[in-house]
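For reference, the chains in residue letters:
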Amino acid sequence: MELQERFINGDLEAFEVLFRQFQKEVYSWIVRIVRDPGTAEDLTVETFWRIYRARARFDPGRSFGAWARRIATNVSYDHLKSVRKEVEFSEEWMGETPPDPAVRQDTRKRIRAAFAGLPPKLRLTATLALIEERPYEEIAESLGVPVGTVKSRVFRAVRILRQKLKELGIEQ
Amino acid sequence: MKHLNDEQFGKFIKDAFPPVTGDEPSRDLWPRMLRKLDDSRPRFSWFDWVLVSLMALLCLIAPGAIPGLLYNL
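Residues numbered from 1 in each chain as written. Chains lettered and ligands numbered in written order. Predicted model: local features only at pLDDT ≥ 70, side-chain atom pairs only at ≥ 80, totals over all residues. Heavy atoms only, no water.

1. Some remarks on the overall build of chain B
Helix and strand counts for chain B come out as four helices and zero strands. In terms of overall dimensions, chain B has a C-alpha envelope of 85 × 30 × 15 Å along the principal axes. Buried residues in chain B amount to 21% of all 73 residues. Surface accessibility of chain B: about 5,600 Å² in total, with carbon and sulfur atoms responsible for 65%. The distance from the centre of the 9 positive side-chain charges to the centre of the 9 negative ones in chain B is 3 Å. (Helix = DSSP H or I, 4+ residues; strand = E, 2+ residues; numbered from the N terminus. Buried < 20%, exposed > 50% of the residue type's maximum accessible area, 1.4 Å probe, protein only. Areas by Shrake-Rupley, 256 points an atom, 1.4 Å probe, with all protein chains shown as cover. Lys, Arg positive; Asp, Glu negative; His and termini not counted. Charge placed at Lys NZ, Arg CZ, Asp CG, Glu CD.)

In structure tokens form, the structure reads like this:
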């Protein structure tokens, strides 16, 4: 029997094989959205937990990776909804200073705060589109929405961000 | 700061976020996954087993009680 069919039938060994095969991909996708490694690990486990529970609905004719990514996106979205708006992306995990010295530390903090204040749907889409520069088609597939919806969400996110940054005196 | 066009604005936002470093979890997550699967299994306490045993005993001693039990399920 094929691995994915065994997984659908609840075979734990088949699930472990799929878990080990896709955990890196799922984690990598989630950490780009939530931008915190600890949280991303928790959400990776939560994603596979949902995958295991929903195994009967998986169509073996389709890509397991794409299905897992979609569930990972939903899990990340639920997380963004649950955390307080004021919570910024983890400061201690912030990597090296960006190459552009013109953008000062204080300004960057305010931009991140403005970004964190976006509604979760817009924040998730804008993170993938603006910060991670993922193709709109890929974002649309992971969210299960048309490409037009992704474009519209990015447009709305940019409009809100511009407004917030104007209020903060960062942009004219 | 002057008004930025969409492309400049996108870069401006991107520059505020350091790139994500590390594409892999810091440890193997499978043991955690197993714990979560194990925790989610329904558990029966001794009290549940006592109740089930009493029900079975009642059905054996007084089969007439079965419809009443089914009605109250």
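Let's pick the thread back up.
2. Quick look at the packing of helix 2 (residues 12-34) of chain A against helix 2 (residues 30-40) of chain B
Running from N to C, helix 2 of chain A and helix 2 of chain B point in directions that differ by 140°, and their axes come no closer than 11 Å. As the angle between them shows, helix 2 of chain A and helix 2 of chain B are arranged oblique. When you trace helix 2 of chain A past helix 2 of chain B, the crossing you get is right-handed. Here helix 2 of chain A contributes L12, F15, E16, F19 and R20 of chain A to the contact with helix 2 of chain B, which in turn contributes W30, M33, L34 and L37 of chain B. A breakdown of the residues in the contact of helix 2 of chain A with helix 2 of chain B according to their chemical character gives seven nonpolar, no polar and two charged. (Axes fitted to C-alpha atoms, helices over the stretch in contact; angles between N-to-C directions. Parallel < 35°, antiparallel > 145°, perpendicular 65-115°, else oblique. Left-handed = near helix turned anticlockwise from the far one by under 90°. Contact = heavy atoms within 4.5 Å. Nonpolar A, V, L, I, M, F, W, Y, C, P; charged D, E, K, R; others polar.)

3. Looking at the pattern of salt bridges
Pairs may arise between side chains of opposite charge once their charged atoms sit close together. Under the definition given, this model contains 19 salt bridges over all chains. For E138 of chain A, the salt bridge identified is with R134 of chain A, shortest N-O distance 3.0 Å. Judged by its relative accessible area of 19%, E138 of chain A is buried. If you follow the salt bridges from partner to partner, you end up with E46, R50, D78 and K81 of chain A together with K36 of chain B in one network. (Salt bridge = Lys/Arg side-chain N within 4 Å of Asp/Glu carboxyl O.)

4. Focus on the packing of aromatic side chains
This structure, assessed with the given rule, holds 16 aromatic pairs over all chains. Taking 5.9 Å as the distance between ring centres and 20° as the angle between the ring planes, the aromatic pair formed by F7 of chain A and F15 of chain A counts as stacked. Accessibility assignment for this pair places F7 of chain A and F15 of chain A in one class, buried. Here F9 of chain B and F12 of chain B contribute two aromatic rings whose centre-to-centre distance is 6.5 Å and whose plane-to-plane angle is 40°, an arrangement assigned as tilted. Here the residue F9 of chain B and the residue F12 of chain B both occupy positions in helix 1 (residues 6-15), the gap between them amounting to three residues, near one helical turn. Using a relative accessible area of 6% as the deciding quantity, one classes F12 of chain B as buried. Clustering of aromatic rings is evident, with ring pairs tying together F7, F15, F19, F22, F48, Y52, F58, F64 and W67 of chain A together with W30 of chain B. Positioned above the aromatic ring of Y52 of chain A, the side-chain terminus of R55 of chain A is 4.3 Å from the ring centre. (Phe/Tyr/Trp six-rings, centres within 6.5 Å; stacked < 30°, edge-to-face > 60°. Lys NZ or Arg CZ within 6 Å of the ring centre and 35° of its normal.)

5. Let's talk about the interface of chain A and chain B
Listed by partner, the interface residues are 44 residues for chain A and 34 residues for chain B. Summed over both sides, the interface of chain A with chain B buries roughly 3,700 Å², with 66% coming from carbon and sulfur. On inspection of chain A and its partner chain B, the count reaches eight salt bridges. A salt bridge links R27 of chain B to E41 of chain A, with the shortest nitrogen-to-oxygen separation between them at 2.7 Å. Linking chain A with chain B are twelve residue pairs in polar contact (both at pLDDT 80 or more), by the criterion used here. Put simply, the parts of the chain that give the side of chain A that touches chain B at least two residues each are helix 2, helix 3 (37-53), helix 5 (105-116), helix 6 (120-131) and helix 8 (147-167) of chain A. In terms of residue count, the dominant contributor to the side of chain A that touches chain B is helix 2 of chain A (eleven residues). (Buried area = accessible area lost by both parts, 1.4 Å probe. Polar contact = N/O pair within 3.5 Å; in protein donor to acceptor, adjacent residues only side chain to side chain.)

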